[in-house]
Each structure stands twice: as C-alpha cells, then as structure tokens.
Amino acid sequence: MTAQQIIDECKKFSPKTTRIISSITSDDGYPPFPPDPPYPPLSREKLNPPTPSIYVESKKEAFSPELQQFCLSNHIAVIRGLSSVLKLDLGLFSTKTLVESNSDHYIEVRRQFMQPSDENWDPEHRDMVWYCESQRSHTTIARYGHYQALSFSESLKEDKEKNSTTIFRDSDSDSNSTFSKNTKKHKKYSMFKPVKFGTNVDLSDPKKWKIQLQELAKLPPFARVSSAANMLTHVGHTILGMNSVQLYMKVPGCRTPGHQENNNFCSVNINIGPGDCEWFGVAPEYWGVIHHICERNNINYLHGSWWPLLDDLYAENVPVYRFVQKPGDIVWVGAGTVHWVQAIGWCNNIAWNVGPFTSLQYDLAIKRYEWNKHENYKSIVPMINLSWNIARNVKISDKSVFTMMKLTLMRSLKYTIMLTNFIDDIGNEIILRQRDIQEPAHYCVVCDIEVFNILFVKEVDRKHVVHCFYCAQKMNNEFNDFVILKEYKLEELTKVYDNFQLITTASASTNLNNSNNNNQTSTPTTSISNNNSTTTVGGGGITSS
Ligand SMILES: [Zn+2]
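Residues numbered from 1 in each chain as written. Predicted model: local features only at pLDDT ≥ 70, side-chain atom pairs only at ≥ 80, totals over all residues. Heavy atoms only, no water.

Where we set the bar: UniProt positions are given in the numbering used here, feature names are shortened, and annotations may be inferred rather than shown by experiment.
Going by an unreviewed UniProt entry, the protein carries the name Lysine-specific demethylase 6A-like protein and comes from Euroglyphus maynei. The UniProt entry for the protein carries this comment under Cofactor (unreviewed entry): "Fe(2+)". The protein has a UniProt comment under Subcellular location (unreviewed entry) that states "Nucleus".

1. Comments concerning the overall build of the protein
Filter applied, for reference: Runs of E in the DSSP output that reach at least two residues are strands. Runs of H or I that reach at least four are helices, and both are numbered from the N terminus. A contact between two residues is defined here by any heavy atoms of the two lying within 4.5 Å.
Counting its secondary structure elements, the protein contains 17 helices and 23 strands. Restricting the contact set of the protein to residue pairs at least 6 apart, pairs at least 24 apart contribute 80%.

2. Things to note about the pattern of salt bridges
Just so we agree on the cut-off: Between Lys or Arg on one side and Asp or Glu on the other, a salt bridge is scored when a side-chain nitrogen of the former is within 4 Å of a carboxyl oxygen of the latter.
Counted according to the given criterion, the structure contains 17 salt bridges. Glu108 is the salt-bridge partner of Arg136, the closest N and O atoms lying 3.7 Å from each other. Residue Arg136 is found in strand β4 (residues 135-140), and its partner Glu108 is found in strand β3 (residues 106-113); the two are separated by 28 residues along the sequence. The salt bridge involving Asp363 is made with Lys367; its shortest N-O contact spans 2.9 Å.

3. Some words on the sheet that holds strand β12 (residues 338-343)
Formally: Pairing between two strands requires that DSSP report at least two bridges joining them. Axes, fitted as lines to C-alpha atoms, cover a helix only where it is in contact. Angles between the N-to-C directions of the axes lie from 0 to 180 degrees.
If you trace the 4 strands from one edge of the open sheet to the other, you get β7-β12-β9-β10, paired in antiparallel fashion. Each edge of the open sheet carries a strand with a single partner, namely β7 (255-259) and β10 (321-325). Each strand axis lies, on average, 15 degrees off the axis of its neighbour in the sheet, ignoring direction. With 6 bridges connecting them, strand β9 (residues 277-282) and β12 associate as antiparallel partners. Along β12, the bridge assignment pairs Glu278 with Gln342.

4. Remarks on the nonpolar core
The cut-off we apply is this: We define the nonpolar core as a collection of buried residues of types Ala, Val, Leu, Ile, Met, Phe, Trp, Tyr and Cys that are connected through side-chain atoms lying within 4.5 Å of one another. Think of it in three bands: with a 1.4 Å probe and only protein chains considered, a residue is buried below 20% of the maximum accessible area for its type, exposed above 50%, and partly exposed in between.
Formed by 62 residues in total, the largest nonpolar core has its most connected members in Leu82, Leu219, Ile270, Ile350 and Trp352. Among the elements that make up this core, the one with the highest residue count is strand β13 (residues 347-354) (5 residues). Look past the residues within four positions of Leu219 in its chain and what remains in contact with it is Phe63, Leu82, Leu86, Leu88, Arg224, Ile270, Ile330 and Trp352. Ala3, Ile366, Met404 and Phe452 belong to the second-largest nonpolar core, a separate cluster that totals 53 residues.

5. Looking at unusual backbone geometry
Backbone torsion omega between Tyr39 and Pro40 reads -5 degrees, so that peptide bond is classified as cis. For Pro40, the position within the fold is in the loop between α1 (3-11) and β1 (53-55). Cis peptide bonds are those with omega within 30 degrees of zero, and the linkage from Gly273 to Pro274 qualifies with 5 degrees. Inspection of the secondary structure assignment puts Pro274 in strand β8 (residues 266-274). Even without glycine at this site, Asn298 takes up a positive phi of about 60 degrees. We classify Asn298 as exposed; its relative accessible area is 74%. For Arg462, which is not glycine, the phi torsion reads 60 degrees and is therefore positive. Here Arg462 lies in the loop between β18 (454-460) and β19 (463-467).

6. Looking at the packing of α1 against helix α16 (residues 490-499)
What counts is decided by this rule: By the definition adopted for this analysis, an angle is roughly parallel if under 35 degrees, roughly antiparallel if over 145, roughly perpendicular if from 65 to 115, and oblique otherwise. Think of it as three bins: nonpolar holds Ala, Val, Leu, Ile, Met, Phe, Trp, Tyr, Cys and Pro, charged holds Asp, Glu, Lys and Arg, and polar takes everything else, Gly as well.
At a minimum axis separation of 9 Å, α1 and α16 run at an interaxial angle of 125 degrees. Between α1 and α16, the angle falls in the class oblique. Along its contact with α1, which presents Ala3, Ile6 and Ile7, the element α16 presents Leu490, Thr494, Tyr497 and Asp498. Grouping the amino acids of the contact of α1 with α16 by side-chain chemistry returns 5 nonpolar, 1 polar and 1 charged.

7. As for α1
Note the cut-off: In this context, the arc is that of the directions from the helix axis out to the C-beta atoms.
Taken together, the buried positions of α1 are occupied by Ala3, Ile6, Ile7 and Cys10. What you see down the axis of α1 is that its buried residues fit within an arc of 100 degrees, all on one side. Among the structural elements, α14 (399-425) and α16 are those in contact with the buried residues of α1.

8. Section: the sheet that holds β4
Strand pairing in a sheet relies on backbone hydrogen bonds. The paired strands run either parallel or antiparallel. Strand order in the open sheet made by the 9 strands is β1-β2-β11-β8-β13-β6-β5-β3-β4, with mixed pairing throughout. Here the strands that pair on one side only, and so sit at the sheet edges, are β1 and β4. With strand direction ignored, the average angle separating the axes of adjacent strands in the sheet is 25 degrees. Sheet topology note: the β8/strand β11 (residues 330-333) ladder contains 4 bridges and is antiparallel.

9. Examining the coordination of the zinc ion
As a reminder, the rule being used: Sites may look incomplete because water is not among the atoms; the donors themselves are N, O and S atoms within 2.8 Å of the metal, or within 3.2 Å for Na, K and Ca. Here the metal geometry follows the donor angles, with tetrahedral for four donors whose angles all fall between 85 and 135 degrees, square planar for four and octahedral for six when opposite donors are more than 155 degrees apart and every other angle is between 65 and 115, and irregular for all the rest.
At 2.3 Å from the zinc ion lie its protein donor atoms, namely Cys444 (SG), Cys447 (SG), Cys468 (SG) and Cys471 (SG). Around the zinc ion sit 4 donor atoms, and with donor-metal-donor angles ranging over 103 to 115 degrees the site reads as tetrahedral. Counting gaps between the donor residues of the zinc ion yields the pattern C-x2-C-x20-C-x2-C. For Cys468, a relative accessible area of 3% corresponds to the buried category.

10. Notes on the side chain of Asn230
The following threshold applies: Counting of polar contacts relies on pairs of N or O atoms within 3.5 Å, with two restrictions inside protein: one atom must be capable of donating a hydrogen and the other of accepting it, and residues adjacent in sequence are counted only when both atoms are side-chain atoms.
Within the element layout of this structure, Asn230 appears in the loop between α9 (210-216) and β6 (246-250). By relative accessible area, Asn230 is classed as buried at 2%. Among the polar contacts made by the side chain of Asn230, one reaches the main-chain amide nitrogen of Leu232 at a distance of 2.9 Å. At 2.8 Å, the side chain of Asn230 forms a polar contact with the backbone nitrogen of Gly355. If we ignore the near neighbours within four places in the chain, the residues touching Asn230 are Arg224, Val225, Asn353, Val354, Gly355 and Phe357.

11. A word on the confidence of the model for the protein
The cut-off we apply is this: Confidence per residue, as judged by the predictor, is encoded in pLDDT with a range of 0 to 100.
Looking at the protein, pLDDT values average 90 and 88% of them are 70 or higher. Taken as a whole, residues 165-189 scores under 50 in pLDDT and shows 52 contacts with residues more than four places along the chain or in a different chain. Considering only residues more than four positions removed or in separate chains, one finds that residues 509-526, a stretch of pLDDT under 50, has 41 contacts.

12. A short note on the side chain of His339
Mapping His339 onto the fold places it in strand β12. A polar contact of 3.0 Å, which involves the side chain of His339, links it to the backbone oxygen of Thr337. Not counting residues up to four positions away in its chain, the partners in contact with His339 are Pro257, Gly258, His259, Glu261, Trp279, Phe280, Gly281 and Val333.

As structure tokens, then:
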C-alpha cells in the first residue's frame, strides 16, 4: 500500500464517527495479551535445561559471525573468555577505580535481606512468597564502596572467629577470588541479615566516564553499547541504562528481582568481579505463565517486584536456566527472556541493552509496547519514533523485519491522517513545529504513552506539557486550552514511508562486495546508511565505506 492509497482509504471514514486507533500491533486496538504456555507441556526432566555457553579463544572468534549467531539463537547465553581475549581492563569498573574517579557520583540503594537464591521469605519470615519489595534510598559511590569493603572485611573476621584454622577448606575450589571463596560459609549463618544493593549507577556521561566507555568499544559490534546494527542507537537520544551503561555494586545476597528488559530488548551484562553472580532465566514464551502466577499472588507483573519460587515454576512446567556468572563472564540476555539475579560474592556488574535487527526482537518490542499501554506502564523505548528513524536511516534486507516495520509505519501514518482529519473537521488549527535534532520523544504527562507527531500542549504551572489525543479529549472535547502542534508535514512522512523498501539479497550482497566485507554468511544483511556514511552489516561483520 502506498502512502497515497492510505490517504485515500482514510477519506472513506467520517472523522467524527470513526474510532481513532493508535495501536501499532492491531487494527482493532486490542493489545496482545500474555501468551498461553507452549503446548504440549515439557516433561519434568526437561525443566532444568543446560545454559548455552561458549568459550571464546581468539580475537578472530570474538568478531566472528558465529559468536553473534550463537547469542541471537539462544534465549540466554554465557560468553566466557571474551573479556581476556579482547584484553578488556575490567579494573576500570572496580570499586577502587570508581571511587578514585567519581567518588561523589549518585547511586541508588535497595535494602534487602540475605537469603538462599531459591527462597524468598515474607518480611515476618513465615512463608515463602513471590512478593519482594525493597526499601529505596540513595548515597554516593564512595560511601557505598566503603560499605562494600567493610562488609567483606567483617565477613572475613566472622569466618576467622567461627573457624580459625580452616577458613577456605570447603569453599569453591575453582574460584579465583577471596571475595567469592567466603560465600558458602557466609550463607550458613547470615540468613536474613540486611544487605544493601547499590543499583542503577548512571555511567552515560562521556566526560565523567571516558576511559571506561572507551574500553567497552573493544567489544564486538553486536554487543556494543552503540553500533549501527543496534536499533537502540537509532533512537536519536539517550535512554538511561538502555543505550547507555549502568553499573551495579553488590555484596552477597543482593538481588535483581524477576523482569524482562524494557520493551523486551536484549541485554549484555559483564561481571567485573571479584565475586560471582547466580542467574536464573526463563524463555520469553513462558512470560504469560509467570504473569499469571504474579496475578495469583496479587502482584502486578510490570509494576510489582517479585522473586520467582522455582517449585511454582516447575509445577507449571516452566523450564528454568540456572548458572553462575564468574568475573569476566558476559551474559547475553535474549529478547524477552525473563531473568533474576543474586550476588554470590562481592562484585560489580555493568549492563546495557541492545536491539539486533531480528524479527523476534522487533515483534517482542512492539508487542510489549502495546501491552505496556494496556497496563499503564511507560515504554521507555519510543517504538514509533524509533521505527520512523529506522525507516529513514537503515536499509533492511530481512523480509520479516521489513514487513513488520512497514506495518508499524502504515498504522502510525493512518493514525496521523485520521487524527488530522478529525481536528480539521471540528475546526481546530494544527501548528507546525518541527523537531530539533536529537530531541527526545514526547510522552503524555497524564498516561505516559509516547506521543508521536501530533502533540496536545497545555500550560500547567507555567510549563508547557504534552498530552496524548485521548487524555486531551477527556479533559476537553473541543481542545480549548490546548495548542495542537505537529512535528512533521504529512509529505515528509509519506515520503519516508514510500521510500522505505526491502533491500533484495542481490543488491545487499553487491553492497557487501563493494565494502570489502569478507564476512559473508547466510544471515540476513542489513545495509545501514547514516548521514553521509554507509555501513553494511552482514552476520557479525560491520564495515564502513
Ligand atoms: Zn495520555
């Protein structure tokens, strides 16, 4: 369907009597509901699948398309050896270096209680439950670093007092750190001891964290914070913790409760050490089951905080990956994988999100975008803005990714036209106010949904705030008190829409040959053009020409 055909189609509907639907996943406006569990259910012995892991032995392997394919084809994976092969200086993220470089930096703190990783007790320690709220406060990196060090030396002291001659005898023999060596003994007697988790430390500022961020550019492109082959790089602005790095500082027992990443994007997590972390993961097709168990426990899946009890999952035939992430290990979390993590030893972790151009990633991202709307949960990835940016800047050769994106653009365009017709029809004016470069996407101040192109702006407390069409209409049928703005001329959008075309394999491979890329594989090729430079992505290789 061409843009002109969409415009003509919209003319057939009376703006006053037609419901204007903003959904990008359906024509009737219904969200995609949580999926039923896969059928037939898995047998009991298949509920503990081995975690896919790969050992990288050379730089060549690190940059091979096979490593990227390995990650993309698994729901969760551990990459071992990559940090040392790439000579990543993880010491740059150690507590010592962090305190030396930015001691006053803000850090969020969660107060939790030490307990075994497969248990979760209610605050009175009577029952095992899913609910796991933690008290929130904040401090500085220096103060948390002090707490972390003190916690370690106290534990050493306690160990010595308990067992002065054989401190490490029954500890993990292949662990390479004293921090983690103490953990097993620690567990035995520290039940319900309060622990503080230093979380969501923002490392996005390139001035403050220059050497740290430069170090991460050594990673292969598919795992980098920023790369042309990463959808999140095309958002055009920083989304904290997603297309920027976040740091976590931990002592044994610190927990990241169960969740899927924002809008189901993939994530990359590196354990800086010195201690280990224990991970649990569940494939995305089972998120509906976990959602139902949360509901049964009176917890909201998205807004609430929960720690899955393994027996409840096994009772519903949900397979669970469970593994240890050692210092230097990189965990790849695939699109939509539910996961939860507990620190075994004293350690720091760094993490960010990536969005590979795969149909699974795009499909899960837009489905979660619509489910978030239904649940009044903010989608911090503005999928409509992002889809238009990708249409402008990226040439897609994967047919299913292209088809899904084109459909999103079509629905978004249809919505813009229908809404414009409606506003014209009631005699209101729409003022053109074009976007600044890198201007963040707008969100409705009332309901937190992304507002694309047509903004209903109102002055509240001397500030101009954006509303979505639905909230503005609820407040005032005629939009009195609102200034209605549009960020794009219709011609701009129709041009982008019509120019967004599937790149055939033939032209894509020509593109590859022209850019001297020898990494040709059978994987789909995404030719990406940004401003004046063209980047071609095929399998694991990226070449700029
Ligand atoms: Zn709204």
